[in-house]
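Spelled out from the first residue to the last, the chains are:
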Amino acid sequence: MIVVMEPRATEAQISKVEEYLISHGFKINLNRGEVLTVIAAIGDKRLINGHAISSLEGVHDVKFVQEPYKLAAKQAQDHDTVITFPNGVKIGGLEKPVLMVGPCSVEQEYEGLLKVAIAAKEMGCDFLRGGAFKPRTSPYDFQGLEEKGLQYLARAREATGLLVVTEVMDTVDIPLVEKYADVLQVGARNMQNFKLLKALGQCKKPVMLKRGGAASIREFLLAAEHIMYHGNPNVILCERGIKSFDDSFTRNTLDISAVPVIRKYSHLPIIVDPSHGTGKRYLIEPMGKAALIAGAHGLMMEVHHDPDHASSDGAQSLTIEQFKEVTRRLNKLIGRIDYDNKMNS
Ligand code: PEP
Ligand code: MN
C-alpha cells in the first residue's frame with residue numbers, strides 16, 4: 001500500500017500515519033521527496049480499514065498495489081486451476097478448449113433437446129447447456145420448466161454422456177439444481193447476488209460465473225472471490241458481453257480483451273459466450289474464433305432444434321445444421337492453436 005501525504009503534512013501527521021500502520025503489523029518505508037512524502041507499507045490489507053487511513057489528517061491519497069482479490073489472483077497459486085470432471089473432461093490451464101452448447105431454455109418438447117445433445121456429442125462437445133430456471137427481463141416471458149427441465153437435462157446426459165450446465169437463480173434452489181447439474185451457472189444478472197455466491201461457496205460442484213452486463217473485470221473477479229472465499233475453489237468465469245453505448249447491431253459488446261486480461265491476473269478458467277455477447281447467430285462463429293485465439297478455455301453457444309419457435313433467444317441460436325458447420329471449423333481452429341504456448345500464461 002502506498003500512502004501519499006499532503007504537500008504540507010506536518011511531522012506529527014506523518015508520524016501518526018506511521019504509528020497507525022506499524023500498530024497494524026505493517027512494515028513501512030518512508031520516502032521524503034522535495035514536495036511529497038510517500039509511505040510505502042507492506043502488510044495484510046485485511047487487517048486495516050483503508051478508509052480509516054484516508055481520513056487521517058495530512059493524508060492525500062491511499063493506493064493499493066495488490067489486487068483486492070486474493071484467492072482468484074494469479075499469485076495465489078503456482079499453477080492455473082484445471083477443473084477435472086468425473087468423466088475425465090478438463091477445463092482450464094493449457095487444456096484443450098471445451099464447447100458448451102444447447103438451447104437457451106429447456107422447453108416442453110424433450111426430443112428437441114435430445115436432438116441438440118446428440119449433435120453436440122457427434123461434434124465432440126463436452127457440455128450440454130440449457131436453462132430450467134430462466135432470468136427473464138419480462139415477467140410475461142417463458143420462465144423455465146424448473147425441475148422438469150432439470151430432469152430433461154439429466155435424461156439427455158444419460159443418453160449422450162454430456163455434462164450438464166444449468167443456471168441457478170436463488171439460494172433455495174441450489175440443492176435441487178445441484179442434484180441434476182454438473183456445473184451450476186450464475187447468470188449475468190446475478191453476478192453480484194452475494195447471498196447466492198456465498199451459498200455456492202458451500203456447493204461441491206463447479207460454478208460457472210457469468211460476467212454482469214455492467215461489471216468491471218475487477219468486480220467480476222471479486223464475485224468469483226466470494227464463491228472461493230466461502231469454500232468452493234472450482235469457479236469457471238464466463239465473459240458474455242457488457243452494455244455499451246451502441247446496441248444497434250449487437251445485443252451487448254463482447255469484451256474479448258477480458259480473456260487475456262483474466263488469464264494474466266487470475267488462475268481461473270475463462271470461457272466466452274458469443275451468443276449472449278452479440279445476440280446474433282451470424283456473429284457466433286467470428287467472435288467464437290476471436291475468443292479462442294485470445295486464449296479462452298472454452299465457448300458457450302446457444303443451439304436450438306427450431307430457433308424460429310424457441311421460447312427464448314431464438315435470434316442468437318444456431319440451427320443444428322449451422323451448429324455442425326460452425327463447430328467443424330471451430331474444431332479445426334482448436335486443433336491448430338498451440339495451447340501449450342506460454343503467451344497467455
Ligand atoms: C443464459 O446463459 O441463458 C443466460 C441467461 O445468460 P446471461 O446470464 O449471460 O444473460
Ligand atoms: Mn439465452
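Residues numbered from 1 in each chain as written. Chains lettered and ligands numbered in written order. Predicted model: local features only at pLDDT ≥ 70, side-chain atom pairs only at ≥ 80, totals over all residues. Heavy atoms only, no water.

## A look at the coordination of the manganese ion (ligand 2)
To keep things clear, this is the line we draw: Water is not part of the atom set, so a site may look incomplete; the donors themselves are N, O and S atoms within 2.8 Å of the metal, or 3.2 Å for Na, K and Ca. Where helices and strands are cited, they refer to DSSP runs of H or I of at least four residues and of E of at least two residues respectively, numbered from the N terminus.
The coordination sphere of the manganese ion (ligand 2), as far as protein atoms go, consists of Cys104 (SG), His276 (NE2), Glu302 (OE) and Asp313 (OD), spread over 2.0 to 2.3 Å. The sequence pattern formed by the donor residues of the manganese ion (ligand 2) is C-x171-H-x25-E-x10-D. Residue Cys104 is located in the loop between β7 (98-102) and α3 (110-122), and its partner Glu302 is located in strand β14 (residues 298-302); the two are separated by 198 residues in the primary sequence.

## What to know about unusual backbone geometry
Note: most peptide bonds trans; most residues except glycine with negative phi. Positive phi, normally seen in glycine, also occurs at Glu146, with a value near 55°. Note on placement: Glu146 falls in the loop between β8 (127-129) and α4 (147-160). Positioned with a positive phi, Asp313 is a non-glycine residue whose angle comes to about 55°. Locating Asp313 in the fold gives a position in the loop between β14 and α11 (320-336).

## As for the environment of Pro260
Short version of the rule: The cut-offs for exposure are 20% and 50% of the maximum accessible area for each residue type, with area from a 1.4 Å probe on protein chains only; residues under the lower value are buried, those over the upper are exposed, and the others partly exposed.
Here Pro260 lies in helix α8 (residues 258-265). You can call Pro260 partly exposed: its relative accessible area is 32%. Each C-alpha atom of the pair Pro260 and Ala52 lies 35 Å from the other, and the pair is 208 residues apart in sequence.

## Structural notes on the domain arrangement of the protein
Stated precisely, the cut-off is as follows: Residue ranges for the domains originate in an automatic or database domain assignment.
Partitioning the protein into domains gives domain 1 (2-63) and domain 2 (74-344). For domain 1 versus domain 2, the distance between C-alpha centres works out to 44 Å.

## Here we look at the site of ligand 1
The condition that has to hold: Residues are classed as near a molecule or strand on a simple rule: at least one heavy atom within 4 Å of it. For this analysis, a polar contact is any N or O atom pair within 3.5 Å, provided that within protein one partner can donate a hydrogen and the other can accept it, and provided that sequence-adjacent residues contribute only side-chain to side-chain pairs. To be clear on the numbers: accessible area is Shrake-Rupley with a 1.4 Å probe, and residue cover counts the displayed protein chains and nothing else. Residue polarity follows a fixed list, in which Ala, Val, Leu, Ile, Met, Phe, Trp, Tyr, Cys and Pro are nonpolar, Asp, Glu, Lys and Arg are charged, and the others, Gly among them, are polar.
In the vicinity of ligand 1, the contacting residues are Arg129, Lys134, Pro135, Glu167, Gln185, Gly187, Ala188, Arg189, Lys210, Arg240, His276 and Glu302. A distance of 2.7 Å separates an oxygen atom of ligand 1 from a polar backbone atom of Ala188. Separating an oxygen atom of ligand 1 from a side-chain N or O atom of Arg189 is a distance of 3.0 Å. Protein contacts shield 97% of the accessible area of ligand 1, which totals 290 Å² for the unbound molecule. Class assignment of the residues belonging to the shell around ligand 1 gives a composition of two nonpolar, three polar and seven charged.

## A closer look at the side chain of Glu225
Along the chain, Glu225 turns up in helix α7 (residues 217-229). The exposure class assigned to Glu225 is buried, which follows from its relative accessible area of 11%.

## Looking at α8
Here is the rule we go by: Arc, as used here, means the arc of the directions from the helix axis to the C-beta atoms. Residue contacts are counted whenever heavy atoms from the two residues lie within 4.5 Å of one another.
Considered for burial, the residues of α8 that qualify are Ala258, Val259, Ile262 and Arg263. Seen from one end, α8 has its buried residues packed into an arc of 130°, which puts them on one side. In this fold, the buried residues of α8 make contact with α7, β12 (235-239), β13 (270-272) and α10 (284-294).

## Things to note about α7
Stated precisely, the cut-off is as follows: The span you would expect from a helix comes to 1.5 Å times its residue count less one.
The terminal C-alpha atoms of α7 lie 18 Å apart, and with 13 residues this matches the ideal 18 Å at 1.5 Å per residue to within 8%. Burial in α7 covers these residues: Ile217, Phe220, Leu221, Ala223, Ala224, Glu225, Ile227 and Met228. Buried-residue contacts for α7 involve α6 (194-201), β11 (207-210), β12, α8 and β13. Positive backbone phi, at 120°, marks Gly231, one or two positions downstream of α7.

## Focus: the confidence of the model for the protein
Applicable threshold: Scored from 0 to 100, pLDDT records how confident the predictor is in each individual residue.
Per-residue pLDDT for the protein has a mean of 95; in total, 98% of the residues score no lower than 70. Across the protein, β12 holds the top mean pLDDT of 99, while helix α2 (residues 50-54) sits lowest at 82.

## Side note on the pattern of salt bridges
Quick note on the threshold: By salt bridge we mean one thing: a side-chain nitrogen of Lys or Arg within 4 Å of a carboxyl oxygen of Asp or Glu.
Counted according to the given criterion, the structure contains 15 salt bridges. Between Arg218 and Glu67 there is a salt bridge; the shortest N-O distance is 3.1 Å. With Arg218 in helix α7 and Glu67 in the loop between β4 (59-63) and β5 (83-84), this pair connects stretches of sequence that are 151 residues apart. The exposure class of Glu67 is partly exposed, given its relative accessible area of 23%. The residue Glu239 makes a salt bridge to Arg211 at a minimum N-O spacing of 2.8 Å. You can see Glu239 sitting in strand β12 and its partner Arg211 sitting in the loop between β11 and α7, a full 28 residues away along the chain.

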